[in-house]
Amino acid sequence: MPWPVDDDAEAAFAAALLTTDPEQADRAPGGLFTADGGDATRRFRVHRNNVVVSLVEVLMVAFPAILRLLGEAYFRALVGEFVRAHPPRSPVLLDYGDGFPDFLDAFPPLDHYPWLGDVARLERAWSQAYHAADSTALPPDALGRVAPDALMTLRFDPHPATRLVRSRYRVVSIFRANRSPEPLSEPVRADGGEDALVTRPGLTVAVRLLPTGGAAFFAALLAGASLGEAAQAGHGDAGRTGAGDFDLTATIAVMLEAGAFQGLADELQENTKRTGPAPSK
Amino acid sequence: MPDKVHRTEVSHPFSCAPMPRRAGAGLKAAHVADILSQMPDIGFFEVHAENYMGAGGPPHAQLHAIRERYALSLHGVGLSIGGEAPLDRAHLARLKALDERYRPALFSEHLAWSSHEGTYFNDLLPVAYDQPTLDRVVAHIDEVQEVLGRQMFLENPSTYVSLARSTMDELDFLTEVSARSGCGLLLDINNVYISAINHGWSARDYLDRFPLERAGEIHLAGHVCDDDGKGNGTGQTLLIDAHDRAVADVVWVLYAQVIERAGPLPTLIEWDNEVPEWPVLLAEAEKADAILARHAEVCRAVAG
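Chain B goes by UPF0276 protein C8N35_107190 in an unreviewed UniProt entry, where it is assigned to Breoghania corrubedonensis. What UniProt states about chain B under its Sequence similarities (unreviewed entry) heading is, verbatim, "Belongs to the UPF0276 family."

As annotated in an unreviewed UniProt entry, chain A carries the name Putative DNA-binding protein and is attributed to Breoghania corrubedonensis.

Next up, the structure:
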């Protein structure tokens, strides 16, 4: 049942928390007072500060490579702008910052660093994998039990943590260099293009640099394609880019070692047909 | 109101046990490895519910391991119970799922609002102490208790500004909410002290009048003292609820007085920012435990 609201005090308070208007930012909303005669504007500023600083710090934890690349002062100022423009829509802040990579892409002062958005996408994928549902990965010997002529018709059920990030820039190298506690030994070249496979079969998130055609292969598998179709996609992509050959055997080894899938999709369907839906845990 | 009974399968890994009347600590990810290897003698751990609303991964693995060994208290920070809008049903469902997953000994939330028209501010914002707000807060708490199937505990806020619409005193408001909804109260003594200084009332008087029979837990934390003026000493003192340092001496004194009157109550040390090494936080909890134990000794001496 909606409760009657006798005025819009909460709306005024809420608007004043995130305003960027310098005049408004320096005034407390109406309806506030301090019993001891203190300055309500100064007191209200505690809340303005709490909101922005606490959310900036949430993103400092979520985007450590971007933090290191930009430096703390620049990061705080930039993310302060992001927070005011795109405040969270949920009290669950584990997902906050989904829009941050796009914000970086569209932030004119950073035009000379076009790879930042993709590095942020990889950091977001890392967080999503970290918090994804737990599941066991397809065992590495799973394909050994499949008849050779059936192999190429297999489809796979993605592990809930698996993410793919494709980039025209060397995101994996930049990500690794800037999330390592070690100081940078040499500058990382941004151009060249790298694709990342992010997985978490146990409790540790792994970021793998994919070989030529690997991203097209995994994109196809994650979209439900058969192994044969995904192999074609991998070969096609390698041919188009001319960056080398697509090595199916090596890429399948990466797939199994990374724990990118939790089962065989067809097997899953057949089991479901035979025994009915699996009981939920 | 329903009893504190969980209707889950018999094979649930955790049993429902009451909160120990001991000191506990806010759980920080950085401390989990130390805690699991040292197995400190501590009453309980408390977590912010919203930090465990992901589906899986290390946070849940850590919390599961802690819950296997210690009592747990679940503390919500995002329900916006004091807000004008209806409660977020999806968020309430997430709380229920966590409650069923870990069977915490206690669930608490704040007398504050934190969301408006779908925007979440990640801060505990002040409510007006008037009749419409009181009716709304009671309705919201009724809903929480009905969905969770358990009594909840409502925490008194730390505030910096007052709302001109308020027609009653904070403590009368809280007492009335508790009486009408049947919720328990979480007494944050640091918040009482902060608000008392910021608004010029007496923390001692507030605590003397506090309905301690309704209190199920106490919170203690550190605050920062900010000059309300421009740092030149001319302004009013402003205390900010920073949770970034040890509990202030004056708060310890107020705490000992409360325990003397109320008897031992589960007591949490909150330290959420500038988080120290685990032994420092544990030492704060031991300090609270010593006050609880001293009270128990006095009681035994009087009885014996």
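Caption draft 1: Fine view of the side chain of D123 of chain B. Along the chain, the position of D123 of chain B falls in strand β6 (residues 119–125). Despite being buried, D123 of chain B has no salt bridge partner; R48 of chain A is the closest side chain of opposite charge, sitting 11 Å away. Engagement of the side chain of D123 of chain B in a polar contact is seen with the side chain of H47 of chain A, the distance being 2.8 Å.

Caption draft 2: Quick peek at the nonpolar core. I66 and F75 of chain A together with L154, I189 and Y255 of chain B are the most contacted members of the largest nonpolar core, which has 142 residues in total. Tallying contributions element by element places helix α3 (residues 40–62) of chain A first for this core, with ten residues. Residues lining this core come from more than one domain, with at least three contributed by each of domain 1 (1–113) and domain 2 (134–281) of chain A. When residues no more than four places from it in sequence are discounted, the contact partners of I66 of chain A are F75, F100, L104, L116, V119, A120 and E123 of chain A. Residues L221, L227, A238 and L264 of chain A belong to the second largest nonpolar core, which totals 28 residues.

Caption draft 3: Region of the structure containing the domain arrangement of chain A. Residues and elements named next belong to chain A. Here the domain parsing of chain A yields domain 1 (1–113) and domain 2 (134–281). Taken residue by residue, the interface counts five residues in domain 1 and ten residues in domain 2. Between domain 1 and domain 2, the buried area comes to about 470 Å², and carbon and sulfur atoms account for 52% of it. Looking only at domain 1, the three residues that lose the most surface to domain 2 are A65, R68 and L69, adding up to 83% of its buried area. The tally of links from domain 1 across to domain 2 stands at zero salt bridges. Between domain 1 and domain 2 we count two residue pairs in polar contact (both at pLDDT 80 or more) in total. Here the side of domain 1 that touches domain 2 gets four residues from one element, more than from any other, and that element is helix α4 (residues 64–70). Considering only residue class, the side of domain 1 that touches domain 2 consists of four nonpolar, no polar and one charged.

How each quantity is defined
Residues numbered from 1 in each chain as written. Chains lettered and ligands numbered in written order. Predicted model: local features only at pLDDT ≥ 70, side-chain atom pairs only at ≥ 80, totals over all residues. Heavy atoms only, no water. UniProt positions renumbered as here; feature names shortened; annotations may be inferred. Helix = DSSP H or I, 4+ residues; strand = E, 2+ residues; numbered from the N terminus. Buried < 20%, exposed > 50% of the residue type's maximum accessible area, 1.4 Å probe, protein only. Lys, Arg positive; Asp, Glu negative; His and termini not counted. Salt bridge = Lys/Arg side-chain N within 4 Å of Asp/Glu carboxyl O. Polar contact = N/O pair within 3.5 Å; in protein donor to acceptor, adjacent residues only side chain to side chain. Core = buried A, V, L, I, M, F, W, Y, C linked by side-chain atoms within 4.5 Å. Domains from an automatic or database assignment. Contact = heavy atoms within 4.5 Å. Buried area = accessible area lost by both parts, 1.4 Å probe. Nonpolar A, V, L, I, M, F, W, Y, C, P; charged D, E, K, R; others polar.

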